[in-house]
Amino acid sequence: MTQTELDQHFITHALTLAQKAQEAGEIPIGAVLVDENNHIIGEGWNQSITNNDPTAHAEIIALRQGAKTIQNYRLLNTTLYVTLEPCTMCAGAILHSRIRRLVFGAYDYKTGAVGSRFHFFDDYKMNHVLEITGGILAEKCGEKLSDFFRQRREQKKQQKLTQSIR
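Positions within a chain are numbered from 1, following the residues in the order the chain's sequence is written. Local features in this predicted model are restricted to residues whose pLDDT is 70 or higher, and side-chain atom pairs enter the listing and the counts only when it is 80 or higher, whereas totals over whole chains, interfaces and linings include all residues. As a rule here, side-chain values cover all heavy atoms of the structure and leave hydrogens and water aside.

Asker: Explain the UniProt feature "domain: CMP/dCMP-type deaminase" (unreviewed entry) in the protein chain here, please?
Answerer: Annotation from UniProt places "domain: CMP/dCMP-type deaminase" (unreviewed entry) at residues 5-117. Here a strand is any run of E in DSSP of at least two residues, a helix any run of H or I of at least four, and the numbering for each starts at the N terminus. Spanning residues 5-117, this segment combines 41% helix with 20% strand, and its end C-alpha atoms are found 28 Å apart. UniProt positions are given in the numbering used here, feature names are shortened, and annotations may be inferred rather than shown by experiment.

Asker: Quick question: what am I supposed to make of the layout of surface pockets here?
Answerer: By rolling a water-sized probe across the atoms, one finds the places where empty space is left. Put simply, the grid is 1 Å and covers the protein atoms alone, a cavity is a trapped set of points that fit a 1.4 Å probe, a pocket is an open set with protein on both sides within 12 Å along at least five of seven lines, and lining residues have an atom within 4 Å of a point. Grid points are joined across faces, edges and corners, and a volume is the space filled by probe spheres set on the points. Computed from the structure, the largest pocket encloses a volume of approximately 570 Å³. What lines the largest pocket is a set of 21 residues, and nearest its centre among them are Ile27, Leu84, Asp108, Thr111 and Phe149.

Asker: Where do I start with the nonpolar core in this structure?
Answerer: Looking at soluble globular proteins, one finds that nonpolar side chains tend to be buried together. Take the buried residues of types Ala, Val, Leu, Ile, Met, Phe, Trp, Tyr and Cys, join any two whose side-chain atoms come within 4.5 Å, and each joined set is a nonpolar core. A 1.4 Å probe rolled over the protein chains alone gives each residue an accessible area, and that area as a share of the maximum for its type sets the label: buried under 20%, exposed over 50%, partly exposed in between. Residues Leu80, Ile94, Ile99 and Leu102 are the most contacted members of the largest nonpolar core, which totals 36 residues. Elements with a contribution of two residues or more to this core: α1 (3-23), β1 (30-34), α3 (58-70), β3 (79-84), α4 (88-97), β4 (101-106) and α5 (138-165). Here the element with the most residues in this core is α1; it accounts for six residues.

Asker: Looking at this structure, how should I read α5?
Answerer: With 28 residues, α5 extends 41 Å from end C-alpha to end C-alpha; this agrees with the ideal 40 Å at 1.5 Å per step. Taken together, the buried positions of α5 are occupied by Cys141, Lys144, Leu145 and Phe148. Residue contacts are defined here by distance: any two heavy atoms, one from each residue, within 4.5 Å place the two residues in contact. Each element contacted by the buried residues of α5 is listed here: α1, β3 and β4. What a helix should span is 1.5 Å times the count of its residues minus one.

Asker: How should the environment of His128 be read in this particular structure?
Answerer: Topologically, His128 is positioned in the loop between β4 and β5 (131-134). In sequence terms His128 and Ile94 are 34 residues apart; their C-alpha atoms lie 9.8 Å from each other. In contact with His128, other than residues within four places in its own chain, are Leu95, Arg98 and Ile99.

Asker: Sorry if this is basic, but what is going on with the pairing of β4 here?
Answerer: Both faces of the sheet carry side chains from a regular strand, because those side chains alternate between them. The element β4 is extensively covered by neighbouring structure, given that six of its six residues are classed as buried. As defined by bridge partners, β3 adjoins β4 across five bridges and the pair is classed as parallel. The residue bridging Leu84 from the neighbouring strand is Ala106, located in β4. We call a crossover right-handed when, viewed with both strands directed away from the observer, the connection leading from the first strand over the helix to the second proceeds clockwise. Remark: the β3/α4/β4 crossover connection has right-handed handedness. In short, DSSP must find at least two bridges between two strands for them to pair. Relative to β5, β4 runs parallel, the two sharing four bridges. Looking at the pairing, Phe104 lines up with Gly134 of β5.

Asker: Can you help me understand the packing of aromatic side chains in this one?
Answerer: Working definition: an aromatic ring pair is given by the centre-to-centre distance plus the angle between the planes. By convention, a stacked pair of Phe, Tyr or Trp rings (six-membered ring in the case of Trp) has centres within 6.5 Å and planes under 30 degrees apart, an edge-to-face pair has planes over 60 apart, and any other such pair is tilted. Counted by the stated rule, this structure contains five aromatic pairs. Measuring from centroid to centroid gives 6.3 Å for Tyr107 and Tyr109, while their planes differ by 25°, and the two rings are stacked. The class of Tyr109 is exposed, set by a relative accessible area of 62%.

Asker: Just to check I follow, could you spell out unusual backbone geometry for this structure?
Answerer: In most cases, non-glycine residues show a negative phi, while peptide bonds are predominantly trans. The backbone of Gln71 shows a phi angle near 60°, a positive value even though the residue is not glycine. Mapping Gln71 onto the fold places it in the loop between α3 and β3. When its relative accessible area of 68% is taken as the criterion, Gln71 is described as exposed. The phi dihedral of Asn77 falls on the positive side, at around 60°, and the residue is not glycine. Tracing the backbone shows Asn77 in the loop between α3 and β3. The class of Asn77 is partly exposed, set by a relative accessible area of 38%.

See the structure below:
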């Protein structure tokens, strides 16, 4: 498989994890952490609402699981795949984990910290440099989020309508 094919494969897997988040009423974002041999060592999907934990983003969960799997908080020679551009909190965790590569699907123009809204990794003073690839299956990833929020708006609209009828 070429690198692009591998990237698409793991982003597709992350999309299946995003579906788990959506089924739980969470924002549908999924993340997969793979080692240098392309073995999955960590997976995550958004669980902030479910766990009452503002740090339970897909990326954080995947990084935690990966660290437990390899018994080391340094996740050297790994690649993190995520369906949406990471936020500043997740970018900080990515920096401290020392992953080698970050690959994401859709860009997040509201809170993205890897180039869309903020440029977290562009600071030359950072003590870790990683390879970043964005936009892999961006349309599919973006549609997943757009559909989710469209459904949420419709549900709220229906709730308001139902309340006004009473």
